[in-house]
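Below are the chains, spelled out letter by letter.
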Amino acid sequence: MAKPGGTMSETMDFLEEGLPALSRSARAFVRHRPRDARLAVTAALEAAAAQCEAEEAGAGPDVPERLRPFIVRRAVGDEIVGVSEAAARLEVSRTTVYDWVKRNTLLAWRSTKRGLRIPAAQILGSGRVVPGLADVVEIVGDPELAWTFLTQEWPFEDEAALPLELLKAGRMEEVIGAAPGFGATFS
């Protein structure tokens, strides 16, 4: 892989290796302003590397202690996919994915211009998703908020657990019983 700071050709190779296609305006920027493009790539990579190092070292964000309980952290491996990737993993059409999202059988939400964000952990295999998701959305009221509930440890009668894992284990009644308590904290 070429390093930022090399020739225009090396920079283009670096930008294109295994990355999503660049927009027309981004390609024009790289072509007409290769030095600025190299600086932008270098800055972005340095920022990403610094964040990874901080996360691996367990360093918390520079937030006052009193506010730290309000920081929402995504679980490690909380992969987000798009419609095409979800359809491929489910072995269904994109139309089916959109239909399932509309019915909250599959949880997703919009992310600016990037389309739908679909958490991969709810996909169990060919044509299979975690059961009970629509019931949770009906109680909590929003797919993204429902996902937050499902992926944070929650106190249940006999243990603290991730509601998503309980749904996967077939313990739907317990999760449905706990969901109103989560929804009430945000109303």
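Everything below is about the structure printed above this text.
Residues numbered from 1 in each chain as written. Predicted model: local features only at pLDDT ≥ 70, side-chain atom pairs only at ≥ 80, totals over all residues. Heavy atoms only, no water.

Moving on: the packing of helix H4 (residues 83-90) against helix H5 (residues 94-102). Axis separation between H4 and H5 bottoms out at 9 Å; the angle between their running directions is 100°. Relative to H5, H4 is oriented roughly perpendicular. Contacts between H4 and H5 involve Val83, Ser84, Ala86, Ala87 and Leu90 from the former and Arg94, Val97, Tyr98 and Trp100 from the latter. Class assignment for the residues of the contact of H4 with H5 results in 7 nonpolar, 1 polar and 1 charged. (Axes fitted to C-alpha atoms, helices over the stretch in contact; angles between N-to-C directions. Helix = DSSP H or I, 4+ residues; strand = E, 2+ residues; numbered from the N terminus. Parallel < 35°, antiparallel > 145°, perpendicular 65-115°, else oblique. Contact = heavy atoms within 4.5 Å. Nonpolar A, V, L, I, M, F, W, Y, C, P; charged D, E, K, R; others polar.)

In terms of nonpolar packing, the biggest core is built from 20 residues, with Leu107, Val136, Phe149, Leu150, Leu167 and Val175 touching the most fellow members. Those elements giving two or more residues to this core turn out to be helix H6 (133-140), helix H7 (143-150), helix H8 (163-168) and helix H9 (172-184). The contact partners of leucine 150, leaving out residues within four places of it in the chain, are Leu107, Leu133, Val136, Leu162, Pro163, Leu164, Leu167 and Val175. The next biggest cluster of nonpolar side chains, apart from the first, holds 15 residues, and it includes Val81, Val83, Ile118 and Val129. (Core = buried A, V, L, I, M, F, W, Y, C linked by side-chain atoms within 4.5 Å. Buried < 20%, exposed > 50% of the residue type's maximum accessible area, 1.4 Å probe, protein only.)

Applying the stated rule across the entire model yields 3 aromatic pairs. Here the aromatic rings of phenylalanine 149 and tryptophan 154 are separated by 5.5 Å at their centres, their planes lie at 80°, and the arrangement is edge-to-face. When the centroid spacing of 5.2 Å and the interplanar angle of 40° are considered together, the rings of phenylalanine 149 and phenylalanine 182 count as tilted. A residue pair is termed long-range when its members are at least 10 positions apart, and phenylalanine 149 in helix H7 and phenylalanine 182 in helix H9 qualify at 33 residues. In terms of burial, phenylalanine 149 and phenylalanine 182 fall into one category: buried. What links up through ring pairs into an aromatic cluster is the set Phe149, Trp154 and Phe182. (Phe/Tyr/Trp six-rings, centres within 6.5 Å; stacked < 30°, edge-to-face > 60°.)

This paragraph deals with the pairing of strand S3 (residues 116-119). Examined bridge by bridge, strand S1 (residues 80-81) and S3 share 2 bridges and lie antiparallel to one another. Bridge assignment links valine 81 to a residue of S3, and that residue is isoleucine 118. Sheet topology note: the strand S2 (residues 109-110)/S3 ladder contains 2 bridges and is antiparallel. Looking at the pairing, arginine 110 lines up with leucine 116 of S3. Linkage of S2 to S3, two consecutive antiparallel strands, is achieved through a turn of 5 residues, within which threonine 112 is found at a positive phi near 45°. (Pairing = 2+ DSSP bridges.)

Inspection of the secondary structure assignment puts serine 93 in the loop between H4 and H5. Here the alpha-carbon distance between serine 93 and valine 83, two residues 10 residues apart in the chain, equals 9.3 Å. A distance of 3.0 Å separates polar atoms of two side chains, one belonging to serine 93 and the other to threonine 96. (Polar contact = N/O pair within 3.5 Å; in protein donor to acceptor, adjacent residues only side chain to side chain.)

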